[in-house]
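Structural overview
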Amino acid sequence: MKIVKYTRLASGKYKVLFDNKKELILYESVIINTNLLYKKEITSEEYNNLVSLNNYQDIYNKVIKYIGIRLRSKKEITDYLKKMDLSIEVVDDILNKLITNKYIDDERFSQAYIKDKYNFSNNGPYKIINELVKLGIDKDMAYTYTFDIITNEEEKINKLINKYVKSDKKHDWYYLRNKIYNNLINLGYSKEIVISILNNYN
């Protein structure tokens, strides 16, 4: 097949026209990596290889876009790739490439996840740890990072208690204390710390 024409498209892609009227939409990186610009003619095998490489690049770019929304754990990205019905070899290859290029880093992901959850939600450390484990993070790693980052648990518990007290003027303290205790435990705070702080309230 002879290459007749290259037409530049948006998003770093080119349309390649062949003499048999076939067209290929290729990423610029695929064209460069295969030295296609230096070839006037390609075989059917080379054509099929271009299609395969381009599909691979398309999948890789989708994953980069997926990570661009927010940081992802290795498990999340693995699950995302498996939904595409890819071979194990392709999944492993993409994962290795993402790790090499620092797009996958469970340590960095865990630290960012903990900070976001603790600062922008009411979740306590134990709930955050359970969430991280579900996202494929080693439990010991999740535990260590969580308690390294969270240093103001008592301050946050106090704020939540005050919020609950101000929003409920109907019930007596005994009822309210039990309600607050259950809510805070469900949010993942330490039972011992919650009890200790509640005991200081009248």
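**Here we look at the overall build of the chain**
- Along its length, the chain carries ten helices and three strands.
- Sequence-ordered secondary structure for the chain, helices as α and strands as β, is β-β-β-α-α-α-α-α-α-α-α-α-α.
- For the chain, contacts bridging at least 24 residues in sequence account for 50% of all contacts bridging at least 6.
- With 34 positive and 27 negative side-chain charges, the chain shows a spacing of 7 Å between the two charge centroids.

**Here we look at helix 10 (residues 191-198)**
- Along helix 10, the residues classified as buried are V194, I197 and L198. Each buried residue of helix 10 lies within a common arc of 100° when the element is viewed along its axis, so the set occupies one face.
- For helix 10, the secondary structure elements touched by its buried residues are helix 8 (153-167) and helix 9 (173-186).

**Let's talk about the pattern of salt bridges**
- Taken as a whole, this structure holds eight salt bridges when the rule is applied.
- Among the ionic pairs, K159 bridges to E155, the shortest N-O distance being 3.5 Å. Linking K159 with E155, this pair stays in helix 8, spanning four residues, or about one helical turn.
- By relative accessible area, which is 55% here, K159 ends up exposed.
- Each of R70, R72 and E76 takes part in one network of salt bridges that share partners.

**A word on the sheet that holds strand 2 (residues 13-18)**
- Read from one edge to the other, the open sheet built from three strands follows the order 1-2-3, with strand pairing classed as antiparallel. At either margin of the open sheet sits one strand with a lone partner, and together these are strand 1 (3-8) and strand 3 (23-27). Strand-to-strand, the axes of this sheet are offset by a mean angle of 25°, without reference to chain direction.
- Across five bridges, the pairing between strand 2 and strand 3 is antiparallel. Its bridge partner being in strand 3, V16 is matched across the sheet by L24.

**A word on the packing of helix 8 against helix 9**
- With their axes 11 Å apart at the nearest point, helix 8 and helix 9 run at an angle of 135° to one another. Here helix 8 lies oblique to helix 9, going by the angle between them. Relative to helix 9, helix 8 is oriented so that their crossing is right-handed. Packed against helix 8, whose contacting residues are I157, L160, I161, Y164 and V165, the element helix 9 presents W173, L176, I180, N183 and L184 at the interface.
- Here the contact of helix 8 with helix 9 is built from residues that sort into nine nonpolar, one polar and no charged.

**Things to note about the packing of aromatic side chains**
- In this structure the tally under the stated criterion is six aromatic pairs.
- Aromatic side chains F109 and Y113 sit 5.7 Å apart centroid to centroid with 40° between the ring planes, which places their arrangement in the tilted category. Highlighted residues: F109 and Y113, both in helix 5 (residues 106-120), separated by four residues, approximately one helical turn.
- Relative accessible area serves as the criterion here: at 14%, Y113 is assigned to the buried category.
- Ring plane angle 45° and centroid distance 4.8 Å describe the contact between Y143 and F147, whose orientation is recorded as tilted. With Y143 and F147 both in helix 7 (residues 139-149) and four residues apart, the pair spans about one turn of that helix.
- Taken together, the ring pairs in this structure connect Y126, Y143 and F147 into an aromatic cluster.
- The ring of Y60 has K97 lying over it, and the distance from NZ or CZ to the ring centre is 4.3 Å.
- In this structure, K156 packs its charged tip against the face of Y118, placed 4.2 Å from the ring centre.

So, how was this worked out
- Residues numbered from 1 in each chain as written.
- Predicted model: local features only at pLDDT ≥ 70, side-chain atom pairs only at ≥ 80, totals over all residues.
- Heavy atoms only, no water.
- Helix = DSSP H or I, 4+ residues; strand = E, 2+ residues; numbered from the N terminus.
- Contact = heavy atoms within 4.5 Å.
- Lys, Arg positive; Asp, Glu negative; His and termini not counted.
- Charge placed at Lys NZ, Arg CZ, Asp CG, Glu CD.
- Buried < 20%, exposed > 50% of the residue type's maximum accessible area, 1.4 Å probe, protein only.
- Arc of directions from axis to C-beta.
- Salt bridge = Lys/Arg side-chain N within 4 Å of Asp/Glu carboxyl O.
- Pairing = 2+ DSSP bridges.
- Axes fitted to C-alpha atoms, helices over the stretch in contact; angles between N-to-C directions.
- Parallel < 35°, antiparallel > 145°, perpendicular 65-115°, else oblique.
- Left-handed = near helix turned anticlockwise from the far one by under 90°.
- Nonpolar A, V, L, I, M, F, W, Y, C, P; charged D, E, K, R; others polar.
- Phe/Tyr/Trp six-rings, centres within 6.5 Å; stacked < 30°, edge-to-face > 60°.
- Lys NZ or Arg CZ within 6 Å of the ring centre and 35° of its normal.

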